Amino acid sequence: MTTPQTPSEREGAERIAKFLARAGIASRRASEEIVAAGRVSVNGEVVTSPGTKIVAGTDEVRLDGAVVEPPAELVYLMLNKPMGVMTTLDDPQGRPTVADYIPPGMPRVFPVGRLDYTTTGLLLLTNDGELAQLMMHPRHHVPKLYYAVVDGIPDAGDLTQLRKGVLLDDGLTSPAGARVVQVRERTAAVELTLREGRKRQVRRMLSAIGHPVIALSRIEYGPLTLGDLPEGAVRLLEPHEVEALRASASGGV
Ligand code: URA
């Protein structure tokens with residue numbers, strides 16, 4: 001008599017939470033909770049055990065009744081987001097969005113994090129849901145380097161405040177890197193490295209110390225560097241950049 005093959009013994013089987021995370025539904029841990037809540041079915045049967053294993057492409061997985069499918073091909077793009085572009089794929093008000101910059105024929109990719117409408121610079125777009133979840137996880141603390149042109153010239157005390165923490169209406173900011181890299185008559189260029197990502201954080205920090213932002217660009221995101229990619233241009237990440245991203249994502253959470 002042969003033992004029937006259990007789902008966990010099938011070739012290419014993976015845990016349901018990993019599958020959901022790969023599809024960009026939520027982090028692995030949050031996906032386990034989604035499963036435990038009874039929102040996921042496999043081949044028509046609701047499953048609640050986080051130990052459930054499935055085979056992508058063979059089993060039909062549904063979340064709240066909708067079929068879930070992780071992407072077949074993973075794509076990673078770097079965009080130098082221009083000013084006046086929304087970091088969304090669709091804008092109800094009809095403003096330009098980052099979707100306008102995705103080359104035709106690409107799989108559907110999503111922005112990882114966001115930049116303000118008027119901020120330019122490095123934006124990662126991918127269909128790798130799991131990596132995106134890891135990079136955006138608040139505990140992950142991905143370092144982000146911003147180049148800000150500010151009104152006035154911050155002094156040593158201002159820089160100390162930026163480094164130690166600035167009191168904003170949503171609390172004290174975490175320690176940051178801050179240095180003045182260029183001084184003009186009435187403006188200065190400041191580089192700020194943040195490891196948290198609150199809404200309009202750079203603008204609010206610099207306003208709070210009396211040096212409002214005139215122009216803001218993100219020039220590094222984790223291991224990625226914008227380099228000389230022109231505004232509005234988009235490129236695929238190099239394999240070594242994808243490796244570096246994966247290494248940095250797996251190290252943080
Ligand atoms: N901080 C800001 O204030 N704006 C951005 O777009 C990103 C970081």
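Residues numbered from 1 in each chain as written. Predicted model: local features only at pLDDT ≥ 70, side-chain atom pairs only at ≥ 80, totals over all residues. Heavy atoms only, no water.

Peer 1: Help me understand the overall build of the protein, please; the structure alone is not making it clear to me.
Peer 2: Scanning the protein from N- to C-terminus turns up six helices and 17 strands. Across its three principal axes, the protein shows a C-alpha extent of roughly 85 × 40 × 35 Å. Per-residue burial over the protein gives 41% buried out of 253 residues. Taking contacts inside the protein between residues at least 6 apart in sequence as the whole, the part at least 24 apart equals 65%. For the protein, the computed accessible surface area is about 13,400 Å², with 52% contributed by carbon and sulfur atoms. Here the protein carries 29 positive and 31 negative side-chain charges, and the mean point of each set is 5 Å from the other. (Helix = DSSP H or I, 4+ residues; strand = E, 2+ residues; numbered from the N terminus. Buried < 20%, exposed > 50% of the residue type's maximum accessible area, 1.4 Å probe, protein only. Contact = heavy atoms within 4.5 Å. Areas by Shrake-Rupley, 256 points an atom, 1.4 Å probe, with all protein chains shown as cover. Lys, Arg positive; Asp, Glu negative; His and termini not counted. Charge placed at Lys NZ, Arg CZ, Asp CG, Glu CD.)

Peer 1: Is there a simple way to think about the sheet that holds strand E3 (residues 45-47) in this case?
Peer 2: Within a sheet, neighbouring strands are paired by backbone hydrogen bonds and run either parallel or antiparallel to one another. Taking strand neighbours across the sheet as the criterion, the four strands line up as E3-E2-E5-E6 in an open arrangement whose pairing is antiparallel. A single partner strand is all that each edge strand has here, and the edge strands are E3 and strand E6 (66-67). Across two bridges, strand E5 (residues 61-63) lies against E6 in antiparallel orientation. By the bridge assignment for E6, Arg62 is matched with Val67. (Pairing = 2+ DSSP bridges.)

Peer 1: How should the domain arrangement of the protein be read in this particular structure?
Peer 2: Domains assigned within the protein are domain 1 (7-67), domain 2 (76-138 + 224-249) and domain 3 (143-221). For domain 1 and domain 3, the distance between their C-alpha centroids amounts to 43 Å. (Domains from an automatic or database assignment.)

Peer 1: So what exactly am I meant to see when it comes to the packing of aromatic side chains here?
Peer 2: Two aromatic rings, taken as a pair, are described by how far apart their centres are and by the angle between their planes. Tallied over the entire structure, the rule returns zero aromatic pairs. In this structure, Arg95 packs its charged tip against the face of Tyr117, placed 5.5 Å from the ring centre. (Phe/Tyr/Trp six-rings, centres within 6.5 Å; stacked < 30°, edge-to-face > 60°. Lys NZ or Arg CZ within 6 Å of the ring centre and 35° of its normal.)

Peer 1: Could you clarify how one ought to interpret the nonpolar core in this entry?
Peer 2: Within soluble globular proteins, side chains that are nonpolar tend to cluster in buried spots. Within the largest apolar cluster, 28 residues are counted, with the highest numbers of intra-cluster contacts made by Leu162, Leu192, Val202 and Leu206. Elements represented by at least two residues in this core include exactly strand E7 (76-81), strand E9 (120-126), strand E10 (144-151), helix H4 (156-164), strand E14 (187-194), helix H5 (201-208) and strand E15 (213-221). A total of four residues in this core trace back to one element, the largest contributor, which is E14. When neighbours within four sequence positions are excluded, Leu192 is seen to be in contact with Lys144, Leu145, Tyr146, Leu162, Ala176, Gly177, Ala178, Val202 and Leu206. Counting residues in each nonpolar core, the second largest holds 17 residues, with Tyr76, Met78, Leu224 and Leu226 among its members. (Core = buried A, V, L, I, M, F, W, Y, C linked by side-chain atoms within 4.5 Å.)

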